[in-house]
Amino acid sequence: MASSLRASTGSYPLHIYGITIDFSKSKTKVESAELWIGRLHSPIGHEAGKSLRRSFSPPMKLSQGDTFSLHMRYKKWLGTKPEEMIVNPEDIFRVYSAGERQEYIQFHKKTRIIIELSENATIETGQFVSSDENLELRPITSEIFRKCPRFRILVIGNTGVGKSSLINHAFGVEKAVASHDKPGEASIDHEFTSPQNDKFVLHDSKGFEPGEEGNLKIVRDFINRRRNMSTPGNQLHAIWQGFYLERARLLETGTEEFLTLKSSGMLGNTPVVVILTKYDKLIDRIERTLDETSLNRLSDEAIKELAKNKAEAELQDICIRPLKKFAGPDIPHAKISTHKGYKETLTDLIQITEDCVGQYSTPEVAVMTSIAQRVHPGLKIKASIEVGKRSLSQLRVDNYQIRSKSSCLAGYWKALGSSTTFKNRKTWDCLYVLHTDIINVWNFYDPHRYLHSQEFRKMMVKMVDGLEVGPTSNPTRTMTIGLSMVGTIAGIVSTSAGPAAPIVVPIAASAVLAKWVYDVYQISHAVLQHFMCYIIHLTLVLQTLYLVSESQEVTRRVIKLAVASYLASPISGEVLAWIQEYDKHLTILERADRDTLDKIIEMMQFYSIDAAQMSKLRQKIPPVGSLPDEPWETEKS
């Protein structure tokens, strides 16, 4: 039964770590909101799209007998209209104590309010503990998002260069919008955002046309102004300078001056990446001019490769050499196309950008670069590892060279077998923060927060609890991994093609969880195996979800497809076999943390599918995004 998950909170207070006000289904916009608990109150900040969001650090405490209300102001034609929503705290305690969820959801008209809960703000046993042992058990990503809520990028280019298409594909959105103006017409200071991806903000600038020297000054002043801002979230993190490859003259006078300013250091350390757009047009033109007599015995793939080689030689002559003359060797470039068959060029661009940002910016900005983009799954896994290696203390120091050697200050993944941060915490709460961090890094378009839901969390716990050991894997079959997954997905989709054929996951989200989930964390081989399995299974399920969702809105049906496909593939059993084999050779758990982290990284990298493979595999999968959603569980006939 559900109540076995968590004992009653009794007289203990609950702690509210965050609140989201989602008015995407309402015709009325919530202009502002304020949370009141007793006499304490806190404003709720703006988020991209149709929602307001606030994370609390430290958390707000809710005790028995407190009053709880939300004061909202709705936008009306002639101003704003205040409304108060009163919540009964007993309902919140009841939901939490019953183990139904670690979030409380209530609707006010068509506005959805999500309150994130936990008992964990301090140790609950009442015993004396050191300040290190009293560290907050919170997702690392919440601190990253506090310091740097979004990846901020400036895109420069003339009309027709393909900026909109580039942004939409790179960040997985249909269009980036602002409250005023359209891209290309707006002030450079306007922030373009998208409700489909709230982890990036775009600044747009036209290019440097001959005779329009004023724009160069506007761009230069904007870069310098952003460079001098104190908080990482307000600083400019990267600049993409776009050129259309097939233009007669690539570098105009203003562009040459801009690149010279950058190479001379006058624009600071903000990375600039030169983007050569519409690469597919160049390939098409070269293919049309190839000597047909020399192509008779060549395959289509060989012809494409020949065209690419000729294109590369032409690029060196007309683009790269003139570019290096003004930009020098330190300004990178990428050739890109958003057309089908060229998706790997976007991956190259994102990889170059992430490398540059990581070199010149703070660690959380580099992580935000990987979180914001939606074309490079490998960077999602890399960012998950970086987040898992970090602790809240590391993110809160100003000098990023400082690193504590205490295991209690290590990142959650670094001390799975001996974590004093997890000491006296319930296993469910420990898994909660691990789960939240990994989901946040992958940054799916998940407006209903299905991936954060209690049902999906339980599904992952049951996966860890119920898998059978499989055979040891063959480390030479990375591509076969992807193909076997595609075959599994295609089989499930073909047998579940209609609305009347729901996807059946062999683990029920409503099933009673095993005792270890609500036990208090302790150092043991079983705990280490459970935590390693959870991290790796969740990451690989999300990689499968990335394969089938392709930046579309996440539904329960698509999540179930990813889970069912992963469970039906040999990978899930192999992961467990690897972990058990690894654990068998551990002798002293307290000293195994560094090696455990290395093992997690090794397994994630082995089973990762790179972007080029991902693009090819997607072509073999039947479309799944257009099918209607379905409940987590369906009644058996």
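Residues numbered from 1 in each chain as written. Predicted model: local features only at pLDDT ≥ 70, side-chain atom pairs only at ≥ 80, totals over all residues. Heavy atoms only, no water.

Participant: Any chance you could break down the sheet that holds strand 14 (residues 333-335) for me, citing the residues and the numbers?
Facilitator: Pairing within the open sheet is mixed, and its six strands lie in the order 10-11-9-12-13-14. On the outer flanks of this sheet lie strand 10 (192-194) and strand 14, each paired with one strand and no other. Each strand of the sheet is rotated relative to its neighbour by a mean of 25 degrees, with strand direction disregarded. One ladder, built from six bridges, connects strand 12 (residues 238-244) with strand 13 (residues 272-277); its direction is parallel. In the sheet register, Phe 243 faces strand 13, and the bridge partner there is Leu 276. (Pairing = 2+ DSSP bridges. Helix = DSSP H or I, 4+ residues; strand = E, 2+ residues; numbered from the N terminus. Axes fitted to C-alpha atoms, helices over the stretch in contact; angles between N-to-C directions.)

Participant: Would you mind going over the confidence of the model for the protein chain in detail, with residue names and values included?
Facilitator: The predicted model of the protein chain averages 77 in pLDDT, with 76% of residues at 70 or higher. Averaged over each element, pLDDT in the protein chain is lowest for helix 11 (residues 392-396) (44) and highest for strand 9 (residues 151-156) (95). Across residues 475-479 the pLDDT falls below 50, and counting only partners more than four positions away or on other chains, this stretch makes seven contacts in the model. (pLDDT = per-residue confidence, 0-100. Contact = heavy atoms within 4.5 Å.)

Participant: Run through the pairing of strand 9, naming residues and quoting values.
Facilitator: Of all six residues in strand 9, six are buried; the element is thus mostly enclosed. Summarising the sheet, strand 9 and strand 11 (residues 197-205) pair through six bridges and their orientation is parallel. Across the sheet, the residue bridging to Ile 156 is Ser 205, located in strand 11. When strand 9 meets strand 12, the two strands line up parallel, connected through four bridges. Looking at the pairing, Ile 153 lines up with Ala 238 of strand 12. (Buried < 20%, exposed > 50% of the residue type's maximum accessible area, 1.4 Å probe, protein only.)

Participant: Break down the packing of aromatic side chains for me, citing the residues and quoting the values.
Facilitator: Tallied over the entire structure, the rule returns 10 aromatic pairs. Through successive ring pairs, a cluster of aromatic residues spans Phe 151, Phe 171, Phe 200 and Trp 240. Taking the ring centre of Tyr 279 as reference, the NZ or CZ of Lys 335 above it sits at 5.7 Å. Of note, Lys 599 hangs over the ring of Trp 578, and the distance from its end group to the ring centre comes to 5.0 Å. (Phe/Tyr/Trp six-rings, centres within 6.5 Å; stacked < 30°, edge-to-face > 60°. Lys NZ or Arg CZ within 6 Å of the ring centre and 35° of its normal.)

Participant: For the pattern of salt bridges, give the residues involved together with the corresponding values.
Facilitator: Scanning all chains against the criterion turns up 22 salt bridges. Note that Lys 304 and Glu 287 form a salt bridge whose closest N and O atoms lie 3.3 Å from each other. One end of the pair, Lys 304, is in helix 7 (residues 300-327); the other, Glu 287, is in helix 6 (residues 279-288), with 17 residues separating them in the sequence. With a relative accessible area of 27%, Lys 304 lands in the partly exposed category. When salt bridges that share partners are traced, they join Arg 53, Glu 116 and Arg 449 into one network. (Salt bridge = Lys/Arg side-chain N within 4 Å of Asp/Glu carboxyl O.)

Participant: Let's hear about unusual backbone geometry: which residues, and what values?
Facilitator: The phi torsion at Lys 109 lies on the positive side, around 60 degrees, for a residue other than glycine. Considering the arrangement of structural elements, one finds Lys 109 in the loop between strand 7 (103-108) and strand 8 (111-118). Using a relative accessible area of 59% as the deciding quantity, one classes Lys 109 as exposed. In this model, Arg 449 sits at a positive phi of 55 degrees, which is unusual for a non-glycine residue.

Participant: How would you sum up the packing of helix 13 (residues 454-466) against helix 16 (residues 556-568)? Please name residues and give values.
Facilitator: Running from amino to carboxyl end, helix 13 crosses helix 16 at an angle of 5 degrees, the nearest separation of the two axes being 12 Å. By the angle between their directions, the pair helix 13 and helix 16 is classed as roughly parallel. Here Phe 456, Met 459 and Met 463 of helix 13 come into contact with helix 16, specifically with Ile 559, Val 563, Tyr 566 and Leu 567. Considering only residue class, the contact of helix 13 with helix 16 consists of seven nonpolar, no polar and no charged. (Parallel < 35°, antiparallel > 145°, perpendicular 65-115°, else oblique. Nonpolar A, V, L, I, M, F, W, Y, C, P; charged D, E, K, R; others polar.)

Participant: Break down the sheet that holds strand 2 (residues 30-37) for me, citing the residues and quoting the values.
Facilitator: Taking strand neighbours across the sheet as the criterion, the four strands line up as 3-2-5-6 in an open arrangement whose pairing is antiparallel. Edge positions in the open sheet fall to strand 3 (40-44) and strand 6 (79-87), since each of these has one partner strand only. Pairwise comparison of adjacent strand axes, ignoring direction, gives a mean angle of 20 degrees for this sheet. Summarising the sheet, strand 5 (residues 68-76) and strand 6 pair through nine bridges and their orientation is antiparallel. Within strand 6, the residue paired with Ser 69 across the bridge is Ile 86.

Participant: Mind laying out the nonpolar core, listing which residues take part and the relevant values?
Facilitator: A general feature of soluble globular proteins is that nonpolar side chains tend to end up buried together. Counting 111 residues, the largest nonpolar core has Trp 240, Trp 413, Phe 456 and Leu 545 as its most contacted members. The element contributing the most residues to this core is helix 15 (residues 525-549), with 16 residues. Listed in part, the 35 residues of the second largest apolar core include Leu 154, Leu 267, Ile 286 and Leu 290. (Core = buried A, V, L, I, M, F, W, Y, C linked by side-chain atoms within 4.5 Å.)

Participant: Outline the packing of helix 10 (residues 377-389) against helix 12 (residues 427-442), supporting the account with residue identities and numerical values.
Facilitator: Two elements in contact, helix 10 and helix 12, have axes whose closest approach is 9 Å; the angle formed by their N-to-C orientations is 145 degrees. Two packed elements cross with a definite hand, and for helix 10 against helix 12 that hand is right-handed. Contact with helix 10, carried on its side by Pro 377, Lys 380, Ile 381, Ala 383, Ser 384 and Val 387, involves Asp 437, Ile 438, Val 441 and Trp 442 of helix 12 and no other residues of that element. Among the residues forming the contact of helix 10 with helix 12, the class breakdown is seven nonpolar, one polar and two charged. (Left-handed = near helix turned anticlockwise from the far one by under 90°.)

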